[in-house]
Amino acid sequence: MTLLVKSLFFLVQLLPVRLLGALGAGLGRFIYLIDGRHRNIALRNLNRIYPDRDDAWKIRTAHESFAELGRTMFEVPHVFMRSKAYLNSRIEVEGESLYRDAIAQGNGVILTAMHHSNWELGALAISLLGHESDMIYRSLRQPALDQFILTARSRFGTILHSRSEGLRWLPRAMKNGHTIAIMIDQHLSNGTPIPFLGHLANTTTLPATVASKYNAPLIGVTLDRIGRSFRFKLRFRPILIPGSNGEVETDEGRIMRMVCDSFAPLIDQRPELWLWIHRRWLYLDERESQQA
């Protein structure tokens with residue numbers, strides 16, 4: 001299986017990435033038509049977040065969200081196998097000075113991100129810029145395939161930690177001034193209900209916990225696709241956490257609400273780039289089903 005995947009990735013990355021993106025988008029649109037379960041999840045999510053939009057807009061946005069997912073998946077062989085120089089040539093960076101200044105403080109940096117546009121390339125972006133970063137990942141059940149993907153994701157210097165490993169690595173990483181990148185837009189069964197796009201969703205509080213404990217800057221990062229091409233803009237932006245009476249905010253729930261709120265305008269600008277097929281509001285879905 002692993003040899004087959006490696007061979008397929010090697011052959012596919014020889015094809016023009018624009019062609020692959022177009023094929024992936026086409027497949028994504030087709031899957032939208034035949035995959036009723038995920039289509040319904042996407043439309044339900046869109047109905048929840050954009051109740052004032054008409055049905056045609058929601059259908060079009062869900063359709064294009066499937067296309068973006070397909071485009072991203074077909075681009076993965078290029079992301080996993082092309083050179084550092086090639087990938088850097090496809091990314092424009094905005095706000096890097098903000099990020100460098102945060103690193104210079106020496107307390108480590110907490111980067112918050114979401115599943116928006118090509119998140120696999122986004123996960124490589126920090127190491128592509130030459131910075132040390134740590135991320136948490138979910139191991140695959142097939143060890144050989146897991147090792148292949150792990151190698152691809154860490155080949156420019158990112159240190160990946162399996163969820164099963166816990167957080168024993170985190171204090172040392174912060175002590176060494178590393179960047180800790182954390183996705184904040186996934187349902188977490190044991191998470192804290194925090195408004196995301198205005199509606200409660202179980203959310204990790206790890207960014208707030210670590211930032212408060214180590215006095216580390218919180219920064220939001222997004223990778224926006226330029227048009228429909230394999231070209232992107234990487235944006236760093238500060239997440240300012242004001243407290244009362246000039247004091248630093250330490251309440252994790254309030255911090256995470258500010259973090260989540262900071263991503264809402266970015267999703268609103270191009271909602272088709274976000275992963276609407278994920279049951280982000282499962283917390284509310286379950287409560288509503290109990291009340292029915």
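Residues numbered from 1 in each chain as written. Predicted model: local features only at pLDDT ≥ 70, side-chain atom pairs only at ≥ 80, totals over all residues. Heavy atoms only, no water.

Caption draft 1: The arrangement of the pattern of salt bridges in detail. One pass over the full model with this rule turns up 17 salt bridges. The salt bridge involving Arg153 is made with Glu120; its shortest N-O contact spans 2.6 Å. With Arg153 in helix α8 (residues 143-154) and Glu120 in helix α7 (residues 119-128), the pair connects residues that are 33 residues apart, well separated along the chain. On the basis of relative accessibility, which here comes to 10%, the residue Glu120 falls in the buried class. Among the salt bridges present, the one from Arg279 reaches Asp285, with a minimum N-O distance of 3.4 Å. Residues joined in a network through salt bridges with shared partners are Arg44, Arg48, Arg279, Asp285 and Glu288. (Salt bridge = Lys/Arg side-chain N within 4 Å of Asp/Glu carboxyl O. Helix = DSSP H or I, 4+ residues; strand = E, 2+ residues; numbered from the N terminus. Buried < 20%, exposed > 50% of the residue type's maximum accessible area, 1.4 Å probe, protein only.)

Caption draft 2: Quick look at α8. Its twelve residues give α8 an end-to-end C-alpha distance of 16 Å, which sits within 8% of 16 Å, the value for a rise of 1.5 Å per residue. Taken as a whole, α8 has its buried residues at Leu145, Asp146, Phe148, Ile149, Leu150 and Ala152. Lining the buried residues of α8 we find α1 (2-12), α4 (55-81), α7, β3 (133-137) and β4 (159-162). (Expected span 1.5 Å × (residues − 1). Contact = heavy atoms within 4.5 Å.)

Caption draft 3: Quick look at the environment of Leu275. Residue position: Leu275 is located in the loop between α11 (252-269) and α12 (282-291). Taking the C-alpha atoms as reference points, Leu275 and Ser162, separated by 113 residues in sequence, lie 23 Å from one another. In this view, Leu275 contacts Ser65, Leu69, His115 and Trp119; residues no more than four positions away in its chain are not counted.

Caption draft 4: Layout of the sheet that holds strand β9 (residues 232-238). Here seven strands make up an open sheet; going across it, the order is β1-β9-β8-β2-β5-β3-β4 and the pairing mixed. Bordering the open sheet on either side are β1 (91-94) and β4, each of which pairs with just one other strand. On average, each strand axis in the sheet is inclined to that of its neighbour by 25°, with strand direction left out of account. Inspection of the sheet shows strand β2 (residues 109-113) paired to strand β8 (residues 218-225) by three bridges, in the parallel sense. Within β8, the position partnered with Thr112 by the bridge is Gly220. Sheet strands touched by helix α6 (residues 96-104): β1, β2, β5 (179-183), β8 and β9. Its angle to β9, the strand with the most contacts, is close to 50°. (Pairing = 2+ DSSP bridges. Axes fitted to C-alpha atoms, helices over the stretch in contact; angles between N-to-C directions.)

Caption draft 5: View of the side chain of His178. For His178, the position within the fold is in the loop between α9 (170-175) and β5. Overall, His178 belongs to the buried group, its relative accessible area being 9%. At a separation of 3.4 Å, a polar atom in the side chain of His178 contacts the side chain of Glu132. Setting aside residues no more than four positions away along its own chain, His178 makes contact with Gly108, Val109, Glu132, Asp134, Ile159 and Ala173. (Polar contact = N/O pair within 3.5 Å; in protein donor to acceptor, adjacent residues only side chain to side chain.)

Note that every value here comes from positions in space, so none of it alone points to a role or purpose.
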